[in-house]
Amino acid sequence: MDRTMSAITHLGGAMFTVALLMALPLAFPFGWDGIVSLTASHLAVQAAKRSFGRTRPYVTLPHLQAPAKLLSDHSFPSGHTTAIFSAATSISLAVPSIAPAMYLAAFAVGWSRIYLGHHYPSDVVFGAVTGAGFAVAARYAFQHLFG
């Protein structure tokens, strides 16, 4: 399970989410709202991490095994979860037929962050709400600004 969760968690990483959302405008007449959503939600996550300064679970809970690569930033909120929910929601709003697959992947990333000891459940829930919220707001803004 450790290897599987370690692989799944990378779906919420910067490399994957940025590549995914950058490829969409090349293939479809939508996608810029996803890039705006991802950027804005990332900035919000970084501000929240600095404001709350929550220590990661593997540091505060001695029964959790620390990952091989320790993270230097704070736990709250989950940036990976925010990013994948931003991408999943942006794509799902544009192509509703693939929403179940997108959200299954997003939930898997969130779960992997908890499983690996990187985040508390509340970090992941807040990240999911933040990512989805920024995606909905960006979609709304683009529809009203650009028709």
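It should be noted that the structure appears before, not after, this text.
Quick caveat, the model's predicted, so the values are computed rather than measured.

### Overview of the pattern of salt bridges
Within this structure, the stated rule accounts for 2 salt bridges. Across the salt bridge formed by R139 and D33, the nearest N and O atoms sit 3.6 Å from each other. With R139 in helix 7 (residues 121–146) and D33 in helix 3 (residues 32–52), this pair connects stretches of sequence that are 106 residues apart. In this pair, the class of R139 matches that of D33, namely buried. With its nearest N and O atoms 2.6 Å apart, the salt bridge here joins D123 to R54. Here the residue D123 occupies a position in helix 7, and R54 occupies one in the loop between helix 3 and helix 4 (57–60), the gap between them amounting to 69 residues.

### Re the packing of aromatic side chains
Applying the stated criterion to the full structure yields 4 aromatic pairs. On the basis of an interplanar angle of 80 degrees and a centroid distance of 4.9 Å, the ring pair of F52 and F76 is categorised as edge-to-face. Of this pair, F52 sits in helix 3 while F76 is found in the loop between helix 4 and helix 5 (79–94), placing the two residues 24 residues apart along the sequence. Given a relative accessible area of 57%, F52 falls into the exposed group. For F76, a relative accessible area of 13% corresponds to the buried category. What links up through ring pairs into an aromatic cluster is the set F52, F76 and F126.

Parameters at a glance
Residues numbered from 1 in each chain as written. Predicted model: local features only at pLDDT ≥ 70, side-chain atom pairs only at ≥ 80, totals over all residues. Heavy atoms only, no water. Salt bridge = Lys/Arg side-chain N within 4 Å of Asp/Glu carboxyl O. Helix = DSSP H or I, 4+ residues; strand = E, 2+ residues; numbered from the N terminus. Buried < 20%, exposed > 50% of the residue type's maximum accessible area, 1.4 Å probe, protein only. Phe/Tyr/Trp six-rings, centres within 6.5 Å; stacked < 30°, edge-to-face > 60°.

Spatial relationships are all this shows, so hold off on functional conclusions.
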